[in-house]
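Survey of secondary and tertiary structure
Below, each chain spelled out in residue letters.
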Amino acid sequence: MREEFYNTLRSPVWWGVLALAAMVPFVLPSYYVHILTLSLVYVALASSWNIVGGMAGQISLAHSLFIGTGAMLSTALLLKLGVNMWLGLLISAAISGALGALIAWIDFRFQLGHLSFVLITLAFAEMGSIVVEGSEFLGGASGLLLPKDTGNFLAFQFGGGSGAFWMMLALAAICVLVSVAILNAPLGYYLRTIRDNEKAAQAIGVDILRYKITAMVISAVLASVVGTAYARYLTFADPYLLVSPVITIEIVLFATVGGLGRAYGPALGALLLVPLGEVLRGKLGSTLPGLHYFIYGIVVIAVILITPRGLLPLFERLWARVRPATRIS
Amino acid sequence: MLEIDHLVAGYGGVAVLHDISATIGAGEIVGLLGANNAGKTTLINALSGMVKPMSGRIRFQGEDISQMTPQARVEAGIVQVPEGRLVFPDMSIRENLLLGGINARARKSRPQQMDKVLGLFPRLKERLAQNAGSLSGGEQQMLAIGRGLMAEARVLMLDEPSLGLSPLFVQYIFEIIDRLHAEGLTILLVEQNLNLTLRHARRCYVLERGQVAVEGEADLVRNDPRTRSAYLGL
Amino acid sequence: MTELYQALAQGLLIGSTYGLLALGMGLVYGVSGVVNFSHGDFISLGMFMCLALYSAFSLDPYVSVIITVPVMTAIGALVYLYLIRPMVGHQFLMVVQLTLGLSLVLQNGILMVFGGQPARTPSMVESKLFILGDVVLRVPHIIAFAISFVLAIGLYIMLRSTDFGRSIRAVHQNAHAAALMGIDVGRVQVLTFALGIGILALAAALLLPGTPIQPTQGLRYTVITLLVVVLGGMTNFVGIMLGGLIIGIAEAFGTIYLDGPLGLLMPYIIFVAIMLFRPQGLTWRSQR
């Protein structure tokens, strides 16, 4: 069952693509490196959300809680208490994991249906943003400014530009690899069973609580770590960006556009949409603020109407038609 | 009045009915018999327009209605009293009856029609304001039939009217059916209960696995050995 | 004691409009099982249309509804026909994502047209106060309360005693049986969605006077509406109006009695508690 995962780990294509991607900062101007770094942030976030939202089919809108914890708490610990950001990252990740486990437990304990789960997680997300905006320790509504990135690795600094790019590349690769691993492990199989028919899964003795909690904790920890790194990259922990439910909505839409429940789907969605959005924002951001979100919205509506399972399955179908002979199953 | 011509129909591309042909003459009372899953409900849903035909035709008063919407068919007078009654539980008897006559043709004469239905079912008249969900099964069946009559049916298709009723109520409902027939209404009676149907219908079709196994006068159907085998699935 | 009365009065007034916002969503959910996550952005749209009409023709928001209600109703019908209907019966969760996408489109469409600065739409009654003993009430709130209630009662009568209203309830209770009565279920779903959005146009005008508006506010309105609908048991008319009042009062008490974030959290805390312990909402008789 894990065969596929080890194949991926051994696959020269995988490592080749990764190595090529790592060369990017040497080739492209810094503006494009920045756009790609942002894309990788969203590749990582969308992949982490996909573990719960896609594989287990539980549309959670509480992802901003984990991203926000990772970003705001680790920054606040550094600025207010002088805690090393690596340690802050671990503390935030642990708290996010606990929050995730709590949400999964509530979902199970109270037998929330799909809709109730969407609503409760959205309510949690709203509450999270209200708490952060009202908490002085976490920077309130004005956010927290991080010290300049001098490249001190031990202080969770990567020297901006290319260093940050490599950091994000590593994180994105980890999130995608974790997705591949889960999909090819028993966990992935159980999550799909839960997604397709929770009652039947329960009837055949799947320990639903255990797998829901496992999925949610993995998803939350990854999101939290990415959140910390994202705040570090921006050198500004901005509550309106990092704790707002809107970031979750963006992530959900990227994953939907790419292909829910697939290992590479969310990455595809983020890699297509983030650069598009950023270029638009760079070109027209001052005259038409919000254009990139507007376009995201249009794209996601179009994709849902045309190919509800996302672009990845569509590309695969096209690929299969173009090269039927070389297709290996 | 209603002609079914080589009808093939089913769900999601899978045929349930294979090549069904049948006719119901004006003023006739026709029985549609068969075991569970023989396709009886699918057939009357195809007549109601809830199931789209894959091939074949349905004609009503000479006109091809195969592609008509369910609404248009109700308006034309093809009315179904569904299996399990399906009354609107959180609405009063009065509201249920009014909804029965909501189609454009019946709407104008609802007050007169309502008087007629309530004359037929005095029990409903006593509790007009009561919620349909609180009625007994037999009362719900009266309401469902009343609702069908409100639509000013030209063909009334009753799906398993005896299902889950006490013998007394079954007798009562079938007396009503006989009375409606005597008044000239065309009736298609879908039933699992063989003897009951054969007592009331003049002519019958017996379905077996989506096909007509036996057809003819009630007495012929009763004595045909294939009827028994269709029921026992032999 | 004065504070108590003030909180109660303020909560009731604003809560009635929340109830009205939620009735539209509840009706739509009842007949087509769709939860519209762009609900709040349609409220925004209604508000900004009022703003535009004020800037162009100096129309008072209370007058603008003559234009915004029909326009928004038409938009609602188009959205349902071309975006939502193709998804109904597919997968419930895809409709969630679709309306989230629609929310981004609306919110940022408004942002591109009007910019991100908080804006106000003046009205003739905006700053008028109504003083009752020690309780000070803003006249726009009183108008909102009165109109919301009249409208809710009107809707109630419509649902009870018109053919269209009975069709809506029939589709909600049993869509298959409704179709067998000759009701065009698809048409009822479109009209209900359009009606729900049309009501929002009206509610938007009621909420507008004295309230600064921003394109990004939509999501919060969506969440408040969802809170109310869920509290009210999703489709129960009286329950939803009651839910609106409870959320309104919770919000007023929260902001008057509790400092800062805790006050704002009040409605959410009540919501989560009710969701968990009374998932069927506040109504006791289960409706099907």
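What you see is a predicted model, and the numbers here were worked out from it, not measured in a lab.

Comments concerning the interface of chain B and chain C
With 20 residues of chain B at the contact, the number on the chain C side is 17 residues. Secondary structure elements with two or more residues in the side of chain B that touches chain C: helix 2 (70-76) and helix 3 (93-100) of chain B. Class assignment for the residues of the side of chain B that touches chain C results in 12 nonpolar, five polar and three charged.

Observations regarding the environment of C:Leu78
Note that C:Leu78 resides in helix 3 (residues 61-84). When the C-alpha positions of C:Leu78 and C:Leu208 are compared, they lie 25 Å apart, and in sequence the two are 130 residues distant.

Concerning the confidence of the model for chain C
Residue and element names in this part refer to chain C. Confidence in the prediction for chain C averages 88 pLDDT; 95% of positions are at 70 or higher. Segment residues 284-288 is flagged for pLDDT under 50; beyond a separation of four residues in sequence, or across chains, it makes seven contacts in the model. Reported confidence for the predicted complex is 0.92 by ipTM and 0.88 by pTM.

With respect to the packing of helix 7 (residues 161-183) of chain A against helix 10 (residues 208-234) of chain A
Residues and elements named next belong to chain A. Between helix 7 and helix 10, the least distance of the axes is 11 Å, while the angle of their chain directions is 170 degrees. Compared by their axis directions, helix 7 and helix 10 come out roughly antiparallel. Contact residues: Ala164, Met167, Met168, Leu171, Cys175 and Val178 in helix 7; Ile218, Leu222, Val225, Val226, Ala229 and Tyr233 in helix 10. Among the residues forming the contact of helix 7 with helix 10, the class breakdown is 12 nonpolar, no polar and no charged.

Re the pairing of strand 7 (residues 155-159) of chain B
When a strand is regular, its side chains alternate between the sheet's two faces. Residue and element names in this part refer to chain B. With five of five residues buried, strand 7 lies mostly within the body of the structure. In strand 7, alternate side chains face the same way, and those of Val155, Met157 and Asp159 on one face and Leu156 and Leu158 on the other are all buried. Summarising the sheet, strand 6 (residues 78-81) and strand 7 pair through four bridges and their orientation is parallel. Across the sheet, residue Val81 finds its bridge partner in strand 7, namely Leu158. Taken together, the five bridges between strand 7 and strand 8 (residues 186-191) define a ladder with parallel strand orientation. Looking across to strand 8, one finds that Met157 is bridged to Leu188. Handedness of the crossover joining strand 7 and strand 8 through helix 8 (residues 167-182): right-handed.

Quick look at the interface of chain C and chain A
Taken together, the 34 residues of chain C in the interface contact 38 residues of chain A. Going through the elements one at a time, helix 4 (92-114), helix 9 (218-231) and helix 11 (260-277) of chain C are the ones with two or more residues in the side of chain C that touches chain A. Here the residues of the side of chain C that touches chain A are counted per class, giving 27 nonpolar, seven polar and no charged.

Description of the arrangement of the chains
There are two pairs of chains in contact here; the most contacts are made by chains A and C. There is a gap between chain A and chain B: no contact, and a shortest C-alpha distance of 19 Å.

Criteria and cut-off values
- Residues numbered from 1 in each chain as written.
- Chains lettered and ligands numbered in written order.
- Predicted model: local features only at pLDDT ≥ 70, side-chain atom pairs only at ≥ 80, totals over all residues.
- Contact = placed C-beta atoms within 7 Å.
- Helix = DSSP H or I, 4+ residues; strand = E, 2+ residues; numbered from the N terminus.
- Nonpolar A, V, L, I, M, F, W, Y, C, P; charged D, E, K, R; others polar.
- pLDDT = per-residue confidence, 0-100.
- Axes fitted to C-alpha atoms, helices over the stretch in contact; angles between N-to-C directions.
- Parallel < 35°, antiparallel > 145°, perpendicular 65-115°, else oblique.
- Buried ≥ 20, exposed ≤ 12 C-beta atoms within 10 Å, placed from the backbone.
- Pairing = 2+ DSSP bridges.
- Right-handed = clockwise from strand over helix to strand, strands pointing away.

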